[in-house]
Amino acid sequence: ETGVTQSPTHLIKTRGQQVTLRCSSQSGHNTVSWYQQALGQGPQFIFQYYREEENGRGNFPPRFSGLQFPNYSSELNVNALELDDSALYLCASSLTGTYYGYTFGSGTRLTVV
Amino acid sequence: GQQLNQSPQSMFIQEGEDVSMNCTSSSIFNTWLWYKQDPGEGPVLLIALYKAGELTSNGRLTAQFGITRKDSFLNISASIPSDVGIYFCAGQRESGNTPLVFGKGTRLSVIA
(Lines give C-alpha, C1' and ligand atoms only; values in the text may rest on other atoms or scores of the structure.)
Protein backbone atom coordinates (compact mmCIF):
# COMPACT_ATOMS: atom_id res chain seq x y z
CA GLU A 1 0.00 0.00 0.00
CA THR A 2 1.56 3.29 -1.08
CA GLY A 3 1.13 6.42 0.98
CA VAL A 4 0.47 9.98 -0.13
CA THR A 5 3.18 11.38 -2.38
CA GLN A 6 3.67 15.05 -3.19
CA SER A 7 5.83 16.80 -5.76
CA PRO A 8 7.96 18.75 -5.89
CA THR A 9 9.40 18.66 -2.37
CA HIS A 10 10.78 22.19 -2.57
CA LEU A 11 10.06 25.11 -4.86
CA ILE A 12 11.15 28.74 -5.13
CA LYS A 13 8.97 31.18 -7.06
CA THR A 14 8.90 34.92 -7.63
CA ARG A 15 6.07 37.13 -6.44
CA GLY A 16 3.34 37.34 -9.10
CA GLN A 17 4.14 33.98 -10.65
CA GLN A 18 1.87 30.94 -10.72
CA VAL A 19 2.60 27.53 -9.20
CA THR A 20 1.18 24.02 -9.49
CA LEU A 21 1.68 21.43 -6.75
CA ARG A 22 0.84 17.76 -7.23
CA CYS A 23 -0.44 15.00 -4.99
CA SER A 24 -1.00 11.28 -5.47
CA SER A 25 -3.45 9.92 -2.95
CA GLN A 26 -3.01 6.75 -0.95
CA SER A 27 -4.16 3.61 -2.70
CA GLY A 28 -7.89 3.09 -2.09
CA HIS A 29 -8.56 6.70 -1.05
CA ASN A 30 -10.99 8.82 -3.07
CA THR A 31 -10.88 12.20 -1.33
CA VAL A 32 -8.06 14.73 -1.29
CA SER A 33 -7.67 17.74 0.98
CA TRP A 34 -5.05 20.48 0.86
CA TYR A 35 -3.65 22.36 3.85
CA GLN A 36 -1.29 25.33 4.15
CA GLN A 37 1.15 25.31 7.06
CA ALA A 38 2.99 28.58 7.68
CA LEU A 39 6.17 28.48 9.74
CA GLY A 40 5.40 27.93 13.42
CA GLN A 41 1.69 27.38 12.80
CA GLY A 42 -0.66 24.46 12.52
CA PRO A 43 -2.00 23.43 9.10
CA GLN A 44 -4.92 25.48 7.73
CA PHE A 45 -7.59 23.87 5.53
CA ILE A 46 -7.60 25.18 1.94
CA PHE A 47 -10.12 22.90 0.19
CA GLN A 48 -11.18 19.33 -0.39
CA TYR A 49 -11.95 17.39 -3.57
CA TYR A 50 -14.27 14.40 -3.97
CA ARG A 51 -15.45 12.93 -7.25
CA GLU A 52 -13.42 15.55 -9.11
CA GLU A 53 -15.36 18.44 -7.56
CA GLU A 54 -14.56 20.89 -4.80
CA ASN A 55 -16.31 19.65 -1.67
CA GLY A 56 -15.56 22.28 0.95
CA ARG A 57 -13.29 25.32 1.12
CA GLY A 58 -11.52 27.19 3.87
CA ASN A 59 -10.84 30.91 4.11
CA PHE A 60 -8.58 31.21 1.05
CA PRO A 61 -8.99 33.57 -1.93
CA PRO A 62 -10.04 32.34 -5.41
CA ARG A 63 -6.45 32.50 -6.67
CA PHE A 64 -6.08 29.19 -4.82
CA SER A 65 -7.70 26.55 -7.03
CA GLY A 66 -7.49 22.84 -7.48
CA LEU A 67 -8.27 19.82 -9.56
CA GLN A 68 -8.91 16.17 -8.89
CA PHE A 69 -8.38 13.60 -11.61
CA PRO A 70 -10.19 10.28 -12.26
CA ASN A 71 -7.36 8.39 -10.57
CA TYR A 72 -8.00 10.57 -7.44
CA SER A 73 -4.70 12.43 -7.75
CA SER A 74 -4.90 16.18 -7.31
CA GLU A 75 -3.29 19.50 -8.11
CA LEU A 76 -3.19 22.74 -6.15
CA ASN A 77 -2.75 25.88 -8.25
CA VAL A 78 -1.89 29.28 -6.85
CA ASN A 79 -1.97 32.34 -9.08
CA ALA A 80 -0.41 35.75 -8.52
CA LEU A 81 1.87 34.50 -5.76
CA GLU A 82 2.38 36.71 -2.72
CA LEU A 83 5.20 36.62 -0.18
CA ASP A 84 2.75 35.35 2.46
CA ASP A 85 2.06 32.28 0.34
CA SER A 86 5.44 30.94 1.47
CA ALA A 87 4.55 27.82 3.46
CA LEU A 88 4.51 24.04 3.57
CA TYR A 89 1.60 22.76 1.50
CA LEU A 90 0.24 19.44 2.71
CA CYS A 91 -1.97 17.05 0.84
CA ALA A 92 -4.09 14.55 2.76
CA SER A 93 -6.12 11.71 1.33
CA SER A 94 -9.02 9.80 2.85
CA LEU A 95 -11.84 7.45 1.97
CA THR A 96 -15.25 9.11 2.12
CA GLY A 97 -17.75 7.21 4.23
CA THR A 98 -15.20 5.77 6.62
CA TYR A 99 -13.81 6.83 9.98
CA TYR A 100 -10.22 6.03 9.08
CA GLY A 101 -9.29 9.68 8.82
CA TYR A 102 -6.61 11.35 6.80
CA THR A 103 -3.16 10.28 5.64
CA PHE A 104 -0.85 13.21 5.05
CA GLY A 105 1.96 13.53 2.54
CA SER A 106 5.34 15.04 3.43
CA GLY A 107 4.41 18.33 1.80
CA THR A 108 5.84 20.80 -0.69
CA ARG A 109 7.87 23.66 0.77
CA LEU A 110 7.06 26.76 -1.31
CA THR A 111 9.19 29.87 -0.95
CA VAL A 112 8.05 33.08 -2.66
CA VAL A 113 10.71 35.75 -3.11
CA GLY B 1 -8.45 31.00 9.91
CA GLN B 2 -9.55 29.35 13.14
CA GLN B 3 -6.95 27.58 15.23
CA LEU B 4 -7.35 25.74 18.48
CA ASN B 5 -5.62 26.99 21.63
CA GLN B 6 -2.82 24.55 22.36
CA SER B 7 -0.44 24.72 25.31
CA PRO B 8 2.32 24.77 26.15
CA GLN B 9 3.99 26.10 23.01
CA SER B 10 7.21 24.26 23.82
CA MET B 11 8.62 21.94 26.46
CA PHE B 12 12.09 20.80 27.45
CA ILE B 13 12.05 17.64 29.54
CA GLN B 14 14.45 15.00 30.77
CA GLU B 15 14.29 11.53 29.29
CA GLY B 16 12.01 9.36 31.39
CA GLU B 17 9.74 12.21 32.50
CA ASP B 18 6.02 12.34 31.77
CA VAL B 19 4.59 15.04 29.51
CA SER B 20 1.17 16.62 29.37
CA MET B 21 -0.24 19.02 26.79
CA ASN B 22 -3.75 20.26 26.15
CA CYS B 23 -5.98 21.89 23.64
CA THR B 24 -9.08 24.05 24.04
CA SER B 25 -11.68 25.48 21.70
CA SER B 26 -14.44 28.06 21.95
CA SER B 27 -16.70 25.77 19.92
CA ILE B 28 -17.70 22.13 20.06
CA PHE B 29 -15.95 19.42 18.09
CA ASN B 30 -17.29 15.89 17.78
CA THR B 31 -13.92 14.32 17.04
CA TRP B 32 -10.54 15.17 18.54
CA LEU B 33 -7.27 13.99 17.03
CA TRP B 34 -3.63 14.16 18.07
CA TYR B 35 -0.84 14.24 15.47
CA LYS B 36 2.97 14.27 15.60
CA GLN B 37 5.04 16.02 12.95
CA ASP B 38 8.74 15.39 12.46
CA PRO B 39 10.95 17.83 10.50
CA GLY B 40 10.35 17.59 6.76
CA GLU B 41 7.36 15.30 7.18
CA GLY B 42 3.60 15.58 7.28
CA PRO B 43 1.56 15.02 10.45
CA VAL B 44 1.11 11.41 11.54
CA LEU B 45 -1.99 10.41 13.48
CA LEU B 46 -1.30 9.24 17.06
CA ILE B 47 -4.74 8.96 18.65
CA ALA B 48 -8.33 9.62 17.52
CA LEU B 49 -11.16 10.32 20.00
CA TYR B 50 -14.79 10.05 18.91
CA LYS B 51 -16.84 10.30 22.10
CA ALA B 52 -17.03 12.92 24.86
CA GLY B 53 -15.30 11.63 27.99
CA GLU B 54 -13.42 8.96 26.05
CA LEU B 55 -9.96 8.04 27.34
CA THR B 56 -7.78 6.24 24.79
CA SER B 57 -4.24 4.88 24.97
CA ASN B 58 -1.69 4.04 22.31
CA GLY B 59 1.41 2.61 23.97
CA ARG B 60 2.89 5.33 26.18
CA LEU B 61 0.40 7.88 24.88
CA THR B 62 -2.94 8.58 26.52
CA ALA B 63 -5.49 11.13 25.32
CA GLN B 64 -8.88 12.23 26.60
CA PHE B 65 -11.84 13.87 24.90
CA GLY B 66 -13.26 16.51 27.26
CA ILE B 67 -16.84 16.14 28.46
CA THR B 68 -17.74 19.62 27.20
CA ARG B 69 -16.41 18.59 23.74
CA LYS B 70 -14.35 21.79 23.78
CA ASP B 71 -11.05 20.38 24.99
CA SER B 72 -8.65 17.45 24.92
CA PHE B 73 -5.34 16.52 26.49
CA LEU B 74 -2.46 14.25 25.56
CA ASN B 75 -0.09 12.59 28.02
CA ILE B 76 3.17 10.89 27.15
CA SER B 77 4.65 8.69 29.84
CA ALA B 78 8.34 7.87 30.32
CA SER B 79 9.54 10.04 27.43
CA ILE B 80 12.32 8.83 25.16
CA PRO B 81 14.51 10.76 22.67
CA SER B 82 12.39 9.73 19.66
CA ASP B 83 9.40 11.55 21.20
CA VAL B 84 11.03 14.78 20.01
CA GLY B 85 8.85 16.61 17.52
CA ILE B 86 5.84 18.88 17.23
CA TYR B 87 2.52 17.62 18.54
CA PHE B 88 -0.71 19.01 17.12
CA CYS B 89 -4.25 18.67 18.31
CA ALA B 90 -7.01 18.83 15.70
CA GLY B 91 -10.76 18.99 15.93
CA GLN B 92 -13.41 17.85 13.49
CA ARG B 93 -17.06 18.89 13.51
CA GLU B 94 -17.97 15.36 12.41
CA SER B 95 -15.95 12.17 11.97
CA GLY B 96 -14.80 11.16 8.54
CA ASN B 97 -13.97 13.74 5.90
CA THR B 98 -14.88 17.07 7.44
CA PRO B 99 -11.98 19.55 7.59
CA LEU B 100 -9.49 19.44 10.43
CA VAL B 101 -8.98 22.52 12.60
CA PHE B 102 -5.48 22.40 14.10
CA GLY B 103 -3.81 23.94 17.11
CA LYS B 104 -0.49 25.77 16.74
CA GLY B 105 1.44 22.83 18.10
CA THR B 106 3.59 21.92 21.10
CA ARG B 107 7.29 21.55 20.36
CA LEU B 108 8.75 18.80 22.55
CA SER B 109 12.46 18.49 23.24
CA VAL B 110 13.81 15.55 25.24
CA ILE B 111 17.16 15.83 26.98
CA ALA B 112 18.92 12.48 27.32
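Residues numbered from 1 in each chain as written. Chains lettered and ligands numbered in written order. Predicted model: local features only at pLDDT ≥ 70, side-chain atom pairs only at ≥ 80, totals over all residues. Heavy atoms only, no water.

Colleague: What should I look at first to understand the pairing of strand β2 (residues 10–14) of chain B in this one?
Modeller: Within a regular beta strand, the side chains point alternately toward one face of the sheet and then the other, so they alternate between its two faces. All names here are of chain B. Going residue by residue along β2, you find Met11 and Ile13 tucked away on one face and Ser10, Phe12 and Gln14 left uncovered on the opposite face. Of the pairings in the sheet, the one linking β2 to strand β11 (residues 106–111) comprises 5 bridges and is parallel in character. Opposite Ile13, over in β11, you have Val110 as the bridge partner. (Buried < 20%, exposed > 50% of the residue type's maximum accessible area, 1.4 Å probe, protein only. Helix = DSSP H or I, 4+ residues; strand = E, 2+ residues; numbered from the N terminus. Pairing = 2+ DSSP bridges.)

Colleague: Whenever I open this one, the sheet that holds strand β7 (residues 64–68) of chain A confuses me. Can you help?
Modeller: Residues and elements named next belong to chain A. Strand order across the open sheet formed by 4 strands is β1-β3-β8-β7, with antiparallel pairing between neighbours. Two strands bound the open sheet, and with one partner strand each, they are β1 (5–7) and β7. Each strand of the sheet is rotated relative to its neighbour by a mean of 20°, with strand direction disregarded. Sheet topology note: the strand β3 (residues 19–24)/strand β8 (residues 74–78) ladder contains 5 bridges and is antiparallel. Within β8, the residue paired with Arg22 across the bridge is Glu75. (Axes fitted to C-alpha atoms, helices over the stretch in contact; angles between N-to-C directions.)

Colleague: Just checking my understanding: could you explain the state of the cysteines for this structure?
Modeller: Cysteine pairs can be covalently joined through their sulfur atoms, and such a bond is termed a disulfide. Residues and elements named next belong to chain A. Applying the stated criterion across every chain, the model contains 2 disulfides over all chains. A sulfur-sulfur separation of 1.8 Å characterises the disulfide bridge that pairs Cys23 with Cys91. Here Cys23 and Cys91 share a disulfide; its torsion about the S-S bond, -65°, makes the bridge left-handed. Taken together, the positions of Cys23 in strand β3 and Cys91 in strand β9 (residues 87–94) put the pair 68 residues apart, joining distant regions of the chain. Cys23 sits in the buried class, given a relative accessible area of 3%. (Disulfide = S-S within 2.5 Å.)

Colleague: Looking at this structure, how should I read the interface of chain A and chain B?
Modeller: Accessible area lost upon the coming together of the parts is a frequently used measure of interface size. With 22 residues of chain A in contact, the opposing surface of chain B contributes 21 residues. The junction of chain A with chain B conceals about 1,600 Å² of combined surface from both sides, 48% of it contributed by carbon and sulfur atoms. Summed over the shared surface of chain A and chain B, the number is 0 salt bridges. Put simply, chain A and chain B have 6 residue pairs in polar contact (both at pLDDT 80 or more) between them. Listed by contribution, the elements that provide at least two residues to the side of chain A that touches chain B are β4 (31–37), β5 (44–50) and β9 of chain A. A class-by-class count of the residues in the side of chain A that touches chain B yields 9 nonpolar, 13 polar and no charged. (Contact = heavy atoms within 4.5 Å. Buried area = accessible area lost by both parts, 1.4 Å probe. Salt bridge = Lys/Arg side-chain N within 4 Å of Asp/Glu carboxyl O. Polar contact = N/O pair within 3.5 Å; in protein donor to acceptor, adjacent residues only side chain to side chain. Nonpolar A, V, L, I, M, F, W, Y, C, P; charged D, E, K, R; others polar.)

Colleague: Hey, could you run me through the nonpolar core in this one?
Modeller: A general feature of soluble globular proteins is that nonpolar side chains tend to end up buried together. Within the largest apolar cluster, 22 residues are counted, with the highest numbers of intra-cluster contacts made by Trp34, Leu74 and Leu108 of chain B. Counting only elements with at least two residues in this core, the list comes to β2, β3 (19–24), β4 (31–37), β5 (44–49), β7 (61–65), β8 (71–76), β9 (85–92) and β11 of chain B. When sequence neighbours within four positions are dropped, the list of residues in contact with Leu108 of chain B reads Met11, Ile13, Val19, Ile76, Asp83, Val84, Gly85 and Tyr87 of chain B. With 19 residues, the next largest nonpolar core counts Val19, Trp34, Leu76 and Leu110 of chain A among its residues. (Core = buried A, V, L, I, M, F, W, Y, C linked by side-chain atoms within 4.5 Å.)

Colleague: Sorry if this is basic, but what is going on with the packing of aromatic side chains here?
Modeller: Given two aromatic rings, one states the distance between the centres and the angle between the planes to describe the pair. Under the criterion given, the structure shown has 10 aromatic pairs over all chains. On the numbers, 5.6 Å between centres and 90° between planes, the contact of Phe104 of chain A with Tyr35 of chain B is edge-to-face. Of the two residues, Phe104 of chain A is situated in strand β10 (residues 103–104) and Tyr35 of chain B in strand β4; the pairing between them involves two chains. Here Phe104 of chain A falls in the buried class, since its relative accessible area comes to 9%. With relative accessibility at 1%, the residue Tyr35 of chain B sits in the buried group. Measuring from ring centre to ring centre gives 5.7 Å for Tyr35 of chain B and Phe102 of chain B, while their planes differ by 50°; the resulting arrangement is tilted. Remark: Phe102 of chain B occurs in strand β10 (residues 101–102) and Tyr35 of chain B occurs in strand β4; sequence separation between them is 67 residues. Grouped by ring-pair contacts, the aromatic residues Tyr35, Phe45 and Phe104 of chain A together with Tyr35, Phe88 and Phe102 of chain B constitute a single cluster. (Phe/Tyr/Trp six-rings, centres within 6.5 Å; stacked < 30°, edge-to-face > 60°.)

Geometry only, nothing functional implied.
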